[in-house]
There are 2 protein chains.
Amino acid sequence: MILVVGSIALDTIQTPHESVEEVIGGSATYICGAAAKLAQTGVVGIVGTDFPQHHRDLFDSWGIDTSGLEVAEGKTFRWSGKYHDDFIHRDTLSTDLGVFETFSPEVPSQLRDAKYIALGNIHPDLQHSVLDQATAPQWVVADTMKLWIDIARESLDRLIKRVDVLVVNDEEARDLTGEISLAAAAAELLSQGPSAVIIKRGEHGSSLHTGDDLFYGTAYPLHKVVDTTGAGDSFLGGLIGWVARQGSTDIETIKQGIAVGSCLASFTVESFGVERLDAATLDDLAERTEILLDMTQVKEIVL
Amino acid sequence: MILVVGSIALDTIQTPHESVEEVIGGSATYICGAAAKLAQTGVVGIVGTDFPQHHRDLFDSWGIDTSGLEVAEGKTFRWSGKYHDDFIHRDTLSTDLGVFETFSPEVPSQLRDAKYIALGNIHPDLQHSVLDQATAPQWVVADTMKLWIDIARESLDRLIKRVDVLVVNDEEARDLTGEISLAAAAAELLSQGPSAVIIKRGEHGSSLHTGDDLFYGTAYPLHKVVDTTGAGDSFLGGLIGWVARQGSTDIETIKQGIAVGSCLASFTVESFGVERLDAATLDDLAERTEILLDMTQVKEIVL
């Protein structure tokens with residue numbers, strides 16, 4: 001069982017090409033949408049009474065255990081952002097925390113013994129709270145964002161010590177460590193506790209750093225990007241989903257999980273919200289992982 | 001035989017950490033330093049009467065055929081540049097063409113039938129001139145730079161039609177095509193004639209684009225970078241050196257050549273000038289290519 005915590009949101013997004021209003025979003029949503037394709041998944045999160053039923057139905061259609069999904073009087077968390085032309089950098093136009101403001105995560109009894117725990121991007125205090133309630137965590141993966149580096153650094157530093165795998169993007173890795181070199185940043189983060197650090201590099205893929213291993217994962221290449229919101233969360237969901245499905249946290253499985261995560265992220269960026277991710281079948285995923293692996297294989301070099 | 005044309009220069013370089021004056025540089029120098037480790041190489045270029053003998057001795061120590069290396073009355077080409085903190089972007093502080101101003105490349109008879117031709121970064125008119133004199137070209141690889149895109153576009157466009165492989169960096173690919181997506185830029189460049197386009201992405205590696213194939217090569221990771229000058233040229237030299245050594249231009253050999261080129265470039269950036277590249281043995285290179293290939297291998301994913 002995978003236990004996911006994170007935000008569930010209604011996103012209003014402007015990209016260089018298009019705009020949409022109040023599509024489903026949030027870190028927990030994208031993690032669940034990816035992970036649930038691969039293994040049993042339960043979610044801990046909160047929405048307001050205004051959360052549309054058809055969005056809630058999505059979680060059910062994915063077979064998610066929603067016993068930890070609290071519906072509170074008030075408004076669902078809303079985020080609005082505008083992407084730059086590069087589809088990577090974005091400006092937050094508005095954030096309305098709504099029911100998230102007073103959220104105190106309660107992990108239901110049937111989810112407490114989950115072995116695999118995905119701490120999606122939310123305030124690190126909430127990530128701590130979920131981890132405190134877990135009774136048998138074997139592999140804990142956490143994401144974060146610049147906001148928490150800026151305003152909740154002490155809590156975040158304590159969290160990093162508690163996780164097995166820290167997943168951050170290149171800018172976050174540099175912000176967290178003050179290192180320009182991503183290799184040096186990863187080394188510094190590893191020294192704080194995690195057994196692995198994964199640095200997401202957008203269209204350039206990602207790198208996996210452990211004490212002994214260094215691995216470069218390629219991003220699944222796309223000619224057309226619609227919206228990159230949720231790509232990192234889908235990557236994390238695919239990674240933990242694959243690891244849970246295989247029941248192994250060895251390095252080779254993690255490398256495969258990075259490839260699976262990259263392919264699931266590639267579906268996410270092909271639509272706003274979770275539309276394309278939702279539609280992707282395991283066959284679609286298998287097609288992309290095969291292409292991705294082919295794209296990076298080199299025959300032995302004998303000098 | 002590999003025929004290399006390009007600049008031979010005395011570089012004065014400021015990096016965020018250190019500065020050096022008048023180290024040996026130039027596109028032909030770095031291409032030769034890499035290629036000559038792998039296959040017989042000859043150079044066409046020009047230096048002034050002020051070119052130090054110990055620099056000239058380097059070419060001899062690499063076993064380069066220097067019958068096409070003209071020594072002209074006057075000063076050797078000098079370039080001076082300053083790198084930004086990212087070690088990627090740089091400002092040219094001064095350029096003194098010297099004897100390069102009136103250079104008219106003359107390919108000696110024993111180099112004219114070279115099968116493998118590396119057109120290093122120089123004015124595209126000079127690249128044309130060398131290609132015009134080649135009698136049996138089988139695989140022509142060309143590099144360029146933003147300056148020629150800006151001031152010699154017509155000649156460069158004609159050159160692109162004549163080469164087998166165009167090697168450019170990400171910014172040049174975008175400048176040449178107006179496309180933001182590198183995949184779209186590669187497709188546009190391929191439509192102009194080359195059978196393959198390689199886009200260098202600095203620390204993120206490179207991508208190989210053909211009509212049918214897409215391949216991502218990883219950069220050899222380094223904790224410490226001294227000076228990135230010549231990295232792209234060494235990459236090109238390693239690529240053509242490997243292809244010539246194998247005597248095959250098939251896609252699998254080109255992929256291996258990209259890995260070999262990345263490793264040779266990694267030596268280049270570990271020192272100013274060609275010091276580290278010069279010192280690297282075939283055993284050193286084999287060690288890095290093995291590490292590099294290991295770093296990107298993923299076991300088959302069965303869904």
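Everything numeric here is computed off the predicted structure, so don't read it as measured data.

Chemist: Can you break down helix H9 (residues 251-268) of chain A residue by residue, with the values?
Modeler: Along its 18 residues, H9(A) runs 26 Å from first to last C-alpha, staying within 8% of the 26 Å computed at 1.5 Å per residue. Counting buried positions along H9(A) yields 16 of 18 residues, so the element is predominantly enclosed.

Chemist: Now, about the relation of the copies chain A and chain B: what can you tell me, with residues and values included?
Modeler: When chain A is brought onto chain B, the operation consists of a screw motion whose angular component is 180 degrees and whose axial shift is 0.0 Å, with 0.0 Å RMSD remaining. In short, the pair behaves as if placed about a two-fold rotation axis. When the interface residues of chain A are mapped onto chain B, 100% of them again lie at the interface, so the same face is used by both copies.

Chemist: Can you lay out the packing of helix H8 (residues 231-246) of chain A against H9(A) for me, pointing to particular residues and giving the numbers?
Modeler: All names here are of chain A. Taken N-terminus to C-terminus, the directions of H8 and H9 make an angle of 140 degrees; their axes are 7 Å apart at the nearest point. It follows from the interaxial angle that H8 and H9 lie oblique. Handedness of the crossing formed by H8 with H9: right-handed. Contacts between H8 and H9 pair Ala231, Ser234, Phe235, Gly238, Leu239, Trp242, Val243 and Gln246 from the former with Thr253, Ile254, Gln256, Gly257, Ile258, Val260, Gly261, Ser262, Leu264, Ala265 and Thr268 from the latter. Residue classes in the contact of H8 with H9 are distributed as 10 nonpolar, 9 polar and no charged.

Chemist: Break down the confidence of the model for chain A for me, with residues and values.
Modeler: When pLDDT is averaged along chain A, the result is 96, and 100% of the positions lie at 70 or above. Interface confidence for the predicted complex, expressed as ipTM, amounts to 0.86; the pTM equals 0.87.

Chemist: Tell me about the packing of aromatic side chains, and please be specific about residues and values.
Modeler: Residues and elements named next belong to chain B. With the rule as written, the count across this model stands at 6 aromatic pairs over all chains. When the centroid spacing of 5.6 Å and the interplanar angle of 50 degrees are considered together, the rings of Phe77 and Phe100 count as tilted. Of the two residues, Phe77 is situated in strand E6 (residues 77-83) and Phe100 in the loop between strand E7 (90-96) and strand E8 (116-119); the sequence distance between them amounts to 23 residues. We note that Phe77, like Phe100, is buried.

Chemist: I'd like a description of the environment of Val5(B), backed by residues and values.
Modeler: Residues and elements named next belong to chain B. Checked against the element boundaries, Val5 lands in strand E1 (residues 2-5). According to the relative accessible area criterion, Val5 is buried, its value standing at 1%. The sequence separation of Val5 and Ser27 amounts to 22 residues, and the corresponding C-alpha distance is 8.2 Å. Filtering out sequence-adjacent residues up to four positions away, Val5 remains in contact with Ala28, Val44, Ala118, Leu119, Gly120, Ile122 and Val130.

Chemist: If you had to explain the sheet that holds strand E13 (residues 214-217) of chain B to someone new, which residues and values would you point to?
Modeler: All names here are of chain B. A sheet is described by the order of its strands in space; here 9 strands give the open sequence E5-E4-E1-E8-E9-E10-E11-E12-E13, paired in mixed fashion. The open sheet has two free edges, formed respectively by strand E5 (65-72) and E13, since each of these has just one partner strand. Going from strand to strand, the sheet's axes swing by 15 degrees on average, the running direction of each strand aside. Sheet topology note: the strand E11 (residues 196-200)/strand E12 (residues 206-209) ladder contains 4 bridges and is antiparallel. Within the sheet, the bridge partner assigned to Val197 lies in E12 and is His209. Across the sheet, helix H1 (residues 27-35) lies against E1, strand E4 (41-48) and E8, angled at about 160 degrees from E1, the strand it touches most.

Chemist: Mind laying out the interface of chain A and chain B, listing which residues take part and the relevant values?
Modeler: Contacts between the two partners involve 39 residues from chain A, matched on the other side by 39 residues from chain B. For the pairing of chain A and chain B, the buried interface totals around 3,500 Å² over both sides, and the portion due to carbon and sulfur atoms is 64%. Connecting chain A to chain B are 2 salt bridges. The salt bridge partner of Arg174(B) is Glu203(A), with a shortest N-O separation of 3.7 Å. Applying the counting criterion to the chain A and chain B interface returns 6 residue pairs in polar contact (both at pLDDT 80 or more). For the side of chain A that touches chain B, the elements supplying multiple residues, two or more each, are helix H7 (182-190), strand E13 (214-217), H8, H9 and helix H11 (282-294) of chain A. At 6 residues, H11(A) tops the list of elements feeding residues into the side of chain A that touches chain B. Residues that form the side of chain A that touches chain B fall into these classes: 21 nonpolar, 8 polar and 10 charged.

Chemist: Give a description of the pattern of salt bridges that names residues and reports values.
Modeler: Where charged atoms of side chains with opposite charge meet at close range, the side chains can pair. This structure, assessed with the given rule, holds 28 salt bridges over all chains. In this structure, the salt-bridge partner of Asp175(A) is Lys146(A), at a minimum N-O distance of 3.4 Å. Of this pair, Asp175(A) sits in helix H6 (residues 170-177) while Lys146(A) is found in helix H4 (residues 146-151), placing the two residues 29 residues apart along the sequence. For Asp175(A), a relative accessible area of 36% puts it in the partly exposed group. Of the residues examined, Lys146(A) reaches a relative accessible area of 41% and is grouped as partly exposed. In this structure, Asp50(B) engages Arg78(B) in a salt bridge whose closest nitrogen and oxygen atoms are separated by 2.8 Å.

Chemist: Tell me about the sheet that holds strand E3 (residues 19-25) of chain B, and please be specific about residues and values.
Modeler: All names here are of chain B. Strand order in the open sheet formed by 4 strands is E3-E2-E6-E7, with mixed pairing between adjacent strands. Bordering the open sheet on either side are E3 and E7, each of which pairs with just one other strand. Strand after strand, the sheet turns through a mean of 20 degrees between neighbouring axes, direction not considered. Of the strands in this sheet, strand E2 (9-14) and E3 are in contact with helix H2 (residues 53-61), which crosses E3 at around 50 degrees.

Chemist: Any details on empty space enclosed by the protein? Residues and values, ideally.
Modeler: Scanning the model with the defined rule gives 3 cavities of 30 Å³ or more in all. Its boundaries defined by the atoms lining it, the largest cavity holds a volume of some 160 Å³. Together, 17 residues line the largest cavity, and His204(A), Gly217(A), Thr218(A), His204(B) and Thr218(B) are the ones closest to its centre. Split into classes, the residues belonging to the lining of the largest cavity amount to 4 nonpolar, 9 polar and 4 charged.

Chemist: Which residues make up the layout of surface pockets, and what are the values?
Modeler: Roughly 200 Å³ of volume is contained in the second largest pocket. Lining the second largest pocket are 13 residues, and of these His223(A), Ala183(B), His209(B), Thr210(B) and Leu214(B) lie nearest its centre. Of all the elements, helix H7 (residues 182-190) of chain B adds the most residues to the lining of the second largest pocket, at 4 residues. Looking at the lining of the second largest pocket residue by residue, the classes come out as 7 nonpolar, 4 polar and 2 charged.

Chemist: Tell me what's going on with the side chain of Asp65(B), and back it up with residues and numbers.
Modeler: Residue and element names in this part refer to chain B. By the element assignment, Asp65 lies in strand E5. For the buried residue Asp65, which engages in no salt bridge, the nearest side chain bearing the opposite charge is Arg56, 8.5 Å off. Among the polar contacts made by the side chain of Asp65, one reaches the side chain of Ser67 at a distance of 2.6 Å. In contact with Asp65, not counting residues within four places along its chain, are Thr41, Gly42, Val43, Gln110 and Leu111.

Here is what the cut-offs are and how they apply
Each chain carries its own residue numbering, running from 1 in the written order of its sequence. Both sets of labels track the order of writing: A upward for chains, 1 upward for ligands. Whole-chain, interface and lining totals are the exception, using all residues; otherwise, since this is a predicted model, local features are given only for residues with pLDDT of at least 70 and side-chain atom pairs are given and counted only at 80 or more. Hydrogen atoms and water are omitted, and side-chain values are computed over all heavy atoms in the structure. Numbered from the N terminus, helices here are DSSP runs of H or I no shorter than four residues, and strands are runs of E no shorter than two. Multiplying 1.5 Å by the helix residue count minus one yields the expected span of that helix. When a residue's accessible area, from a 1.4 Å probe over protein chains only, is under 20% of the maximum for its type it is buried; when over 50% it is exposed; and in between it is partly exposed. Least-squares superposition aligns the copies on the C-alpha atoms of those residues with pLDDT at or above 70 in both. Working rule for contacts: check all heavy atoms of both residues, and any pair within 4.5 Å makes them a contact. Axis definition: a line fitted to C-alpha atoms, over the contacting stretch in the case of helices. Angles run 0 to 180 degrees between N-to-C directions. Relative orientations are named as follows: roughly parallel for angles under 35 degrees, roughly antiparallel for angles over 145 degrees, roughly perpendicular for angles from 65 to 115 degrees, and oblique for any other angle. Note: crossing handedness is left-handed where the near helix turns anticlockwise from the far helix by less than a right angle, and right-handed where it turns clockwise. For this classification, Asp, Glu, Lys and Arg are treated as charged, while Ala, Val, Leu, Ile, Met, Phe, Trp, Tyr, Cys and Pro are nonpolar and the rest, including Gly, are polar. Per residue, pLDDT measures the predictor's confidence, with a range of 0 to 100. Aromatic contacts are taken between Phe, Tyr and Trp rings whose centres are within 6.5 Å, Trp giving its six-membered ring; a plane angle under 30 degrees counts as stacked, one over 60 as edge-to-face, and the others as tilted. Strands are labelled as partners when DSSP assigns at least two bridges between them. Reported buried area values correspond to the accessible surface (1.4 Å probe) lost by two parts on association, with both partners' losses combined. Take a side-chain nitrogen of Lys or Arg and a carboxyl oxygen of Asp or Glu: if they are within 4 Å of each other, that pair is a salt bridge. Polar contacts, as counted here, are pairs of nitrogen or oxygen atoms within 3.5 Å of one another; within protein the pair requires one atom able to donate a hydrogen and one able to accept it, and residues that are adjacent in sequence qualify only if both atoms are side-chain atoms. Throughout, the protein atoms alone are placed on a 1 Å grid, and a set of points is a cavity if a 1.4 Å probe fits but cannot get out or a pocket if it is open with protein on both sides within 12 Å along at least five of seven lines; lining residues have an atom within 4 Å of a point. Grid points are joined across faces, edges and corners, and a volume is the space filled by probe spheres set on the points. By the counting scheme adopted, Arg and Lys are positive, Glu and Asp are negative, and His together with the chain ends is not counted.

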